[in-house]
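# Secondary and tertiary structure notes
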Amino acid sequence: MNRTDIVDAVYDACVEILKVDKADLSEATAFADDLDADSLALVEVVMELEERFDLRIPEDELEGVATIGAAADLVAGHLAAA
Amino acid sequence: MSPDTTPTASAADTAEGRTAPADTAAERVALVSGGSRGIGAAVARGLAAAGHPVAVGYRSGEADARALAASIEAGGGRALAVAVDVTDAESVDAAVTAVEEGLGPVSVLVNNAGVTADGLFLRMDEARWRAPLDTNLDGTYRLTHRVVRGMVRRRWGRIVSLSSVVALTGSAGQANYAAAKAALVGFSRSLARELAERSITVNVVAPGPIATDMLAAVGEDRTGALADAVPVGRLGRPEEVAAAVTYLVGDGAAYVTGAVLPVDGGLGLGH
């Protein structure tokens, strides 16, 4: 699983949950500032990724995950450790 | 997991899939814990009459739960009896999965399962203290936590928890039960704030003394005294509590959340 696939998965989760256009997304896209995602929506995105990659991400690791790139890093870290 | 967005897909296709929002009661599956008798059974009947498919949760009342489900089906509704011990997380998970597979994703949850373990506080050991907390409060946590994700994804839900008039008035001999019932208010109101933007309302119904097995257990003298203390002058009926739950679950109550609705004949008025 390379990083591009992971970033793509985050894009897909955002499209599905936040109803945004994939074309508008980049790794720098910020969930709250750019996509107007509330904390509940961010949790939904993370849960979608947990399901897709069969992971469990602890609550406290979500702190400071502000951008798509950061979310991809979080997932990549867990996949590497798995 | 790809989203299912075809307009004709039913909500039962995928338990947590993103389908079109359920628009009618028939698509809003209700799960009532402690549904085999008393208030729970009346709630199950009331929701079925309002058009909801109903899962009747039971712990030991299997025969009653099955009979209730059968009578709902005989009347043209959809129902199933499901074993659920709310003090056991695995049981809760298995039960909700069974409901999802048998009726569809849970959109309405009525946290009704409850026990008392009365006694003067002076002699209340830790086991007796914990019993109502584990069933009434922690059980509500387990069941709610298991279904809330689906409600969030489908952007609609109703969570109604059964508290009690004693939650706010207090009751000698019921420090544990009253504590558990009061806790449901803080819990429900917090959840109401978190989930409001997903069209999920979270409310509490606070019954007074209702004519059920749980109340009969305290003895005739005490229930007589209770009835006299109630401004309306009698015990309540399970159907009267069920009517409040049915109201809160309906579209008409979409603007009601974090409410504590007393059905107590005025016993607790002033809170």
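Along each chain, residue indices are assigned from 1 in the same order as the chain's sequence is written. The lettering of chains begins at A and the numbering of ligands begins at 1, in the order of writing. Given that this is a predicted model, residues contribute local features only at a pLDDT of at least 70 and side-chain atom pairs are listed and counted only at 80 or more, while totals for whole chains, interfaces and linings are drawn from all residues.

## Overview of the overall build of chain B
Secondary structure elements are taken from DSSP: a helix is a run of H or I of four residues or more, a strand is a run of E of two residues or more, and numbering for both begins at the N terminus. Counting its regular elements, chain B contains nine helices and seven strands. Atoms counted for the radius of gyration: C-alpha only. Globule rule: 2.2 Å times the number of residues to the power 0.38. A globule of 271 residues ought to have a C-alpha radius of gyration of about 18 Å, and chain B, at 18 Å, matches this closely. A principal-axis box enclosing the C-alpha atoms of chain B has dimensions of 60 × 40 × 35 Å. Here a residue counts as buried when 20 or more other C-beta atoms fall within 10 Å of its C-beta, as exposed when 12 or fewer do, and as partly exposed in between; the C-beta atoms come from the backbone. Relative to its full complement of 271 residues, chain B shows a buried share of 48%. Across chain B, every contact between residues at least 6 apart in sequence was considered, and the portion connecting residues at least 24 apart equals 70%. Once C-beta atoms are placed from the backbone, any two residues with those atoms within 7 Å are in contact.

## Examining the overall build of chain A
Assigned secondary structure in chain A consists of four helices and zero strands. Starting at the N terminus, the α and β elements of chain A follow one another as α-α-α-α. Against the 2.2 N^0.38 benchmark of 12 Å for 82 residues, chain A shows a C-alpha radius of gyration of 11 Å, consistent with a compact globule. Each principal axis of the C-alpha atoms in chain A carries an extent, and together these give about 30 × 25 × 20 Å. Of the contacts made within chain A by residues no fewer than 6 positions apart, 61% connect residues no fewer than 24 positions apart.

## Structural notes on the nonpolar core
The term nonpolar core refers to a group of buried residues, namely Ala, Val, Leu, Ile, Met, Phe, Trp, Tyr and Cys, whose C-beta atoms join them within 7 Å. Membership of the largest hydrophobic core comes to 70 residues, with the highest contact counts inside it found for Val 54, Ala 55, Val 56 and Val 245 of chain B. Ranked by residue count, the leading element in this core is helix H1 (residues 38-49) of chain B, at seven residues. Leave out the neighbours within four places in its chain, and Val 56 of chain B touches Val 32, Gly 35, Ser 36, Ala 44, Ala 65, Leu 68, Ala 69, Ala 79, Ala 81 and Val 82 of chain B. Counting residues in each nonpolar core, the second largest holds 19 residues, with Val 10, Leu 25, Ala 41 and Val 75 of chain A among its members.

## Remarks on the sheet that holds strand E1 (residues 29-32) of chain B
Residue and element names in this part refer to chain B. Paired strands, as defined in this entry, are two strands with at least two bridges between them according to DSSP. One open sheet holds the seven strands; their spatial order is E3-E2-E1-E4-E5-E6-E7, and the pairing between them is parallel. Where the open sheet ends on each side, the last strands, each with one partner, are strand E3 (79-83) and strand E7 (260-263). When strand polarity is set aside, the average angle formed by the axes of neighbouring strands in this sheet is 20°. As paired strands, E1 and strand E2 (residues 54-58) are joined by three bridges and run parallel to one another. Every axis corresponds to a line fitted to the C-alpha atoms, with the helix fit spanning only the stretch in contact, and the corresponding angles, defined between N-to-C directions, vary from 0 to 180 degrees.

## A word on H1 of chain B
All names here are of chain B. Take the number of residues in a helix, subtract one, and multiply by 1.5 Å to get its expected span. With 12 residues, H1 extends 17 Å between its outermost C-alpha atoms, agreeing within 8% with the 16 Å of an ideal straight helix rising 1.5 Å per residue. Summarising burial for H1: 11 of the 12 residues are buried, a large majority. Among the residues making up H1, those that are buried are Gly 38, Ile 39, Gly 40, Ala 41, Ala 42, Val 43, Ala 44, Arg 45, Gly 46, Leu 47 and Ala 48. Directly beyond the C-terminal end of H1, a positive phi value near 105° is found at Gly 51.

## Section: the packing of helix H1 (residues 3-18) of chain A against helix H4 (residues 68-81) of chain A
All names here are of chain A. Where H1 contacts H4, the axes come no closer than 9 Å and their chain directions differ by 125°. Judged on the interaxial angle alone, H4 and H1 are oblique. Crossing angle aside, the handedness with which H1 passes H4 is right-handed. Facing Arg 3, Ile 6, Val 7, Val 10 and Cys 14 of H1, the residues of H4 in contact are Ile 68, Ala 71, Ala 72, Val 75 and Ala 76. Orientation is classified from the angle alone, with under 35 degrees giving roughly parallel, over 145 giving roughly antiparallel, 65 to 115 giving roughly perpendicular, and any other angle giving oblique. Here a crossing is taken to be left-handed if its near helix is turned anticlockwise relative to the far helix by less than a right angle, and right-handed if that turn runs clockwise.

## Details of the interface of chain B and chain A
It is common to report an interface's size as the accessible area lost on association of the parts. Contacts between chain B and chain A engage nine residues on the former and seven residues on the latter. By residue number, the principal contributor to the side of chain B that touches chain A is helix H4 (residues 126-154) of chain B, which donates three residues. Its residues assigned to classes, the side of chain B that touches chain A shows three nonpolar, no polar and six charged. Gly is put with the polar residues, along with every residue not named as nonpolar or charged; the nonpolar set is Ala, Val, Leu, Ile, Met, Phe, Trp, Tyr, Cys and Pro, and the charged set is Asp, Glu, Lys and Arg.

## What about the pairing of strand E6 (residues 200-207) of chain B?
All names here are of chain B. Counting buried positions along E6 gives eight out of eight residues, so the element sits mostly inside the fold. Every second residue of E6 is oriented toward a common face, with Ile 200, Val 202, Val 204 and Ala 206 on one face and Thr 201, Asn 203, Val 205 and Pro 207 on the other, all of them buried. Bridging between strand E5 (residues 157-162) and E6 involves six bridges; their strand directions are parallel. Following the sheet pairing, Ile 159 is matched in E6 by Val 202. Note that E6 and E7 share four bridges and pair parallel. Among the inter-strand pairings, Val 204 is bridged to a residue of E7, identified as Val 260.

## Let's talk about the environment of Ala 55 of chain B
All names here are of chain B. Examined against the element boundaries, Ala 55 turns out to sit in strand E2. The spatial distance from the C-alpha of Ala 55 to the C-alpha of Leu 31 is 4.7 Å, given a sequence separation of 24 residues. Non-local contacts of Ala 55, meaning those with residues more than four positions away in its chain, are made with Val 29, Ala 30, Leu 31, Leu 80, Val 82, Val 99 and Leu 103.

## Points about the packing of H4 of chain B against helix H6 (residues 175-195) of chain B
All names here are of chain B. Contact geometry of H4 with H6 gives a least axis separation of 8 Å together with a crossing angle of 20°. The angle between the axes of H4 and H6 places the two elements in the roughly parallel class. Handedness of the crossing formed by H4 with H6: right-handed. Here H4 contributes Arg 128, Trp 129, Ala 131, Pro 132, Leu 133, Asn 136, Leu 137, Thr 140 and Val 152 to the contact with H6, which in turn contributes Asn 176, Tyr 177, Ala 179, Ala 180, Lys 181, Ala 183, Leu 184, Phe 187 and Leu 195. Residue composition of the contact of H4 with H6, grouped by class: 13 nonpolar, three polar and two charged.

## What to know about the environment of Ala 178 of chain B
Residues and elements named next belong to chain B. Along the chain, Ala 178 falls in helix H6. Given 22 C-beta atoms within a 10 Å radius, Ala 178 is considered buried. In this structure, Ala 178 is in contact with Val 166, Ala 167, Gly 170 and Ser 171, ignoring residues within four places of it in sequence.

In short, the description is geometric, and any link to function would need to be established separately.
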